[in-house]
Amino acid sequence: MEFSMLTTMRRSVRKYLSPAPKSGIEAVLRKAQMAPSWKNMQTSRYYVVESPELLDEFRVNALPEGNAKKSENAALIVSTFVKDEVGFIDGKPANDAGNCWGAYDLGLQGAYLVLAASNEGYDTLIMGIRNEEFIREALAIPENEQIMAVIAIGKRGEEPAMRPRKELSEIAKFF
Ligand SMILES: Cc1cc2nc3c(=O)[nH]c(=O)nc-3n(C[C@H](O)[C@H](O)[C@H](O)COP(=O)(O)O)c2cc1C
């Protein structure tokens, strides 16, 4: 799909018919990897839960009821970043943003990821409300990684309307 169409047609989808297959998720993650990162350090990490046997149990334990319901029938991607690397020089924060830079890089990949998913014919739901403790243990995520979002990915089962955006003048100042 043409880029400006992708950016306007993408939606957060909260009802799925089927999960994206492994091959589709791999294609989407390869595109996410094309995002820029601090010194090209690429500290973003992904843990994909796609096996049908694991998905249902993982979903209900990793997510609060509302998000578990919204992501039924979708595969789940847990996104993390390795802490204390991006934004650090000789082990010290390069500036006041510290580990926010790791989250910044992961967010950039996240933007590529959701657009790439749309381009491949899948939809996504980024979920920030999730059970960190359960996810870390279930997927053996090391302590030096910050768990961020759980991202549902699959074929849409609803046609959501576009949610309103603020006026540009509310979010940007030109000098
Ligand atoms: C960091 C982040 C966390 C989010 N967490 C949730 C969530 O826990 N549950 C949910 O239903 N939607 C969640 N969303 C989706 C937003 O509500 C959605 O992106 C926003 O309303 C704009 O709608 P759109 O994505 O369809 O344009 C999250 C989005 C982002 C970027």
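Structure: see above.
Residues numbered from 1 in each chain as written. Predicted model: local features only at pLDDT ≥ 70, side-chain atom pairs only at ≥ 80, totals over all residues.

Draft legend 1. Broad picture of the nonpolar core. Among the nonpolar cores identified, the biggest contains 32 residues, and Leu76, Leu113, Ala117, Val150, Ile151, Ala152 and Ile153 are the most heavily contacted of them. Of all the elements in the fold, those that place two or more residues in this core are α2 (22-32), α3 (52-62), β3 (75-82), α5 (100-119), β6 (123-127) and β7 (145-156). Per element, the largest residue contribution to this core is 7 residues, and it comes from α5. (Core = buried A, V, L, I, M, F, W, Y, C linked by C-beta atoms within 7 Å. Buried ≥ 20, exposed ≤ 12 C-beta atoms within 10 Å, placed from the backbone. Helix = DSSP H or I, 4+ residues; strand = E, 2+ residues; numbered from the N terminus.)

Draft legend 2. View of the site of the ligand. In the vicinity of the ligand, the contacting residues are Arg11, Ser12, Arg14, Asn67, Lys70, Leu125, Ile126, Met127, Gly128, Ile129, Ala149 and Arg163. Every element with two or more residues in the shell around the ligand is listed here: α4 (65-70) and β6. Grouping the amino acids of the shell around the ligand by side-chain chemistry returns 5 nonpolar, 3 polar and 4 charged. (Near = placed C-beta within 6 Å. Nonpolar A, V, L, I, M, F, W, Y, C, P; charged D, E, K, R; others polar.)

Draft legend 3. Broad picture of the environment of Tyr47. Within the element layout of this structure, Tyr47 appears in strand β2 (residues 44-49). The sequence separation of Tyr47 and Ser79 amounts to 32 residues, and the corresponding C-alpha distance is 6.6 Å. If sequence neighbours within four positions are ignored, Tyr47 has contacts with Val78, Leu139 and Ile141. (Contact = placed C-beta atoms within 7 Å.)

Draft legend 4. Region of interest: α3. Within α3, the full set of buried residues consists of Phe58, Arg59 and Ala62. Seen end-on, α3 carries its buried residues on one side only, within an arc spanning 100°. Facing away from the buried side of α3 by more than 90 degrees, the exposed set consists of Glu53, Asp56 and Glu57. Next to the buried residues of α3 lie β2, α4, β3, α6 (132-138) and β7. (Arc of directions from axis to C-beta.)

In short, geometric facts, not functional conclusions.
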